[in-house]
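Observations on the three-dimensional arrangement
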Amino acid sequence: MYDDPEKNDGCRILVDRVWPRGVTKEKAKLDAWLKNIGPSPKLRKWFEHDPDKFQDFKEEYLQELKNDSEKKDALHQLEEYYYEHNGEITLVFATKELKYNHVVILKEILNK
């Protein structure tokens, strides 16, 4: 989210519970905000983007996506955006950590 939008971003979707600090709605240029797809506050706080916890985080987050009806609905919406736009979407998120976050997991789901 902290990078400027680009022409080839396609459909831009914020996939986080929190809005990125210091980013205006105009600058974000979002097509959708799927708040409910982000990890629960409890899981997010426990994880803290710690690489050593990533595998456990992934397992817990996948369980949340499977068992929480709001998350399940948001994931379904995300998949619909993905197919509607032939995979031309950009997943926007509120952390500067690029390797150890829930978006990595969402991308894996979409690419299956």
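Rules and cut-offs
Residues numbered from 1 in each chain as written. Predicted model: local features only at pLDDT ≥ 70, side-chain atom pairs only at ≥ 80, totals over all residues. Heavy atoms only, no water. Axes fitted to C-alpha atoms, helices over the stretch in contact; angles between N-to-C directions. Helix = DSSP H or I, 4+ residues; strand = E, 2+ residues; numbered from the N terminus. Parallel < 35°, antiparallel > 145°, perpendicular 65-115°, else oblique. Left-handed = near helix turned anticlockwise from the far one by under 90°. Contact = heavy atoms within 4.5 Å. Expected span 1.5 Å × (residues − 1). Buried < 20%, exposed > 50% of the residue type's maximum accessible area, 1.4 Å probe, protein only. Arc of directions from axis to C-beta.

1. Examining the packing of helix α4 (residues 69-84) against helix α5 (residues 102-110)
Put simply, α4 and α5 touch, their axes get as near as 11 Å, and they point 60° apart. One finds that α4 runs oblique with respect to α5. As for the relative orientation of α4 and α5, their crossing is right-handed in sense. Residue-level contacts link L75, L78, E79 and Y82 of α4 to L106, I109 and L110 of α5.

2. Here we look at helix α3 (residues 54-67)
For α3, spanning 14 residues, the distance from its first C-alpha to its last is 20 Å, which sits close to the expected 20 Å at 1.5 Å a residue. Looking only at α3, the buried set comprises F54, F57, K58, Y61, E64 and L65. For α3, the arc enclosing every buried residue in end-on projection is 125°, short of the 170-degree limit, so these residues lie on one face. In α3, the exposed positions angled more than 90 degrees off the buried face are occupied by K66 and N67. Where the residues of α3 are buried, they touch α2 (41-47), α4 and α5.

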